[in-house]
Amino acid sequence: MTAWLSEDLVVDEEKFNSAAKRMNDLKTRTNTLRETLLAMYNELVGAMNTPAGKELQLEAKTVLLKPVEDMSLVVGHISDTLNKIIGSGYYKDVFTGFEELSNLL
């Protein structure tokens, strides 16, 4: 082990499992929020049937829904990635390779 690496790196599968579950829960809550906002947006559209209301509708959809949709995509990607690496040994292989490389130096 090199001098600059003073502690072993440990991969904790239990924490990966916990993180994956929490990310999946966050994805579900984000999608629920999106559906709630969409319902509110649709009610707003029905209440504002005027030329000025049409402009507000376009802006409201961009401001209200787009960030939540983007967040859902990011959270979904993180959740999917965590689920792919759990149990695959991916990080363990990375650390094993690092240790082998360090031993060669």
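Refer to the structure presented above.
Note that the structure is predicted; figures quoted are calculated from it, not measured.

A.B. asks: Would you mind going over the pattern of salt bridges with me for this structure?
C.D. replies: Side chains that differ in sign of charge can pair as their charged atoms come close. Counted by the stated rule, this structure contains four salt bridges. Note that Lys21 and Asp25 form a salt bridge whose closest N and O atoms lie 3.0 Å from each other. Of this pair, Lys21 and Asp25 both sit in helix α1 (residues 13-47), four residues apart, roughly one helical turn. Using a relative accessible area of 29% as the deciding quantity, one classes Asp25 as partly exposed. Measuring nitrogen to oxygen at the nearest pair gives 3.1 Å for the salt bridge that ties Arg34 to Glu69. Here Arg34 is found in helix α1, whereas its partner Glu69 is found in helix α2 (residues 51-85), with 35 residues between them in sequence. One salt-bridge network, held together by shared partners, links Arg34, Glu35 and Glu69.

A.B. asks: Explain the packing of α1 against α2 here, please?
C.D. replies: When two helices pack together, you describe them by how their axes are tilted relative to each other and by the distance separating the axes. Where α1 meets α2, the axes come as close as 9 Å, and the angle between the chain directions of the two elements is 160°. When the axes of α1 and α2 are compared, the pair comes out roughly antiparallel. Crossing angle aside, the handedness with which α1 passes α2 is left-handed. Within the contact of α1 with α2, the residues separate by chemical class into 21 nonpolar, eight polar and five charged.

A.B. asks: Mind showing me how you'd approach α1 here?
C.D. replies: What sets the pattern is the α-helix's 3.6 residues per turn: residues three or four places apart point alike. With 35 residues, α1 extends 51 Å from end C-alpha to end C-alpha; this agrees with the ideal 51 Å at 1.5 Å per step. Buried within α1 are the following residues: Ala20, Met23, Thr30, Leu37 and Tyr41.

A.B. asks: Teacher, can you tell me more about a nonpolar patch on the surface here?
C.D. replies: Judged by side-chain polarity, Leu101, Leu104 and Leu105 come together as a nonpolar surface patch covering roughly 410 Å² of accessible area. With respect to the helices and strands, the residue Leu104 is situated in helix α3 (residues 90-104). Judged by relative accessible area, Leu104 falls into the exposed class, the value being 74%.

The rules behind these values
- Residues numbered from 1 in each chain as written.
- Predicted model: local features only at pLDDT ≥ 70, side-chain atom pairs only at ≥ 80, totals over all residues.
- Heavy atoms only, no water.
- Salt bridge = Lys/Arg side-chain N within 4 Å of Asp/Glu carboxyl O.
- Helix = DSSP H or I, 4+ residues; strand = E, 2+ residues; numbered from the N terminus.
- Buried < 20%, exposed > 50% of the residue type's maximum accessible area, 1.4 Å probe, protein only.
- Axes fitted to C-alpha atoms, helices over the stretch in contact; angles between N-to-C directions.
- Parallel < 35°, antiparallel > 145°, perpendicular 65-115°, else oblique.
- Left-handed = near helix turned anticlockwise from the far one by under 90°.
- Nonpolar A, V, L, I, M, F, W, Y, C, P; charged D, E, K, R; others polar.
- Expected span 1.5 Å × (residues − 1).
- Patch = residues over 30% accessible without salt bridge, like charges linked within 9 Å, V, L, I, M, F, W, Y side chains within 5 Å.
- Areas by Shrake-Rupley, 256 points an atom, 1.4 Å probe, with all protein chains shown as cover.

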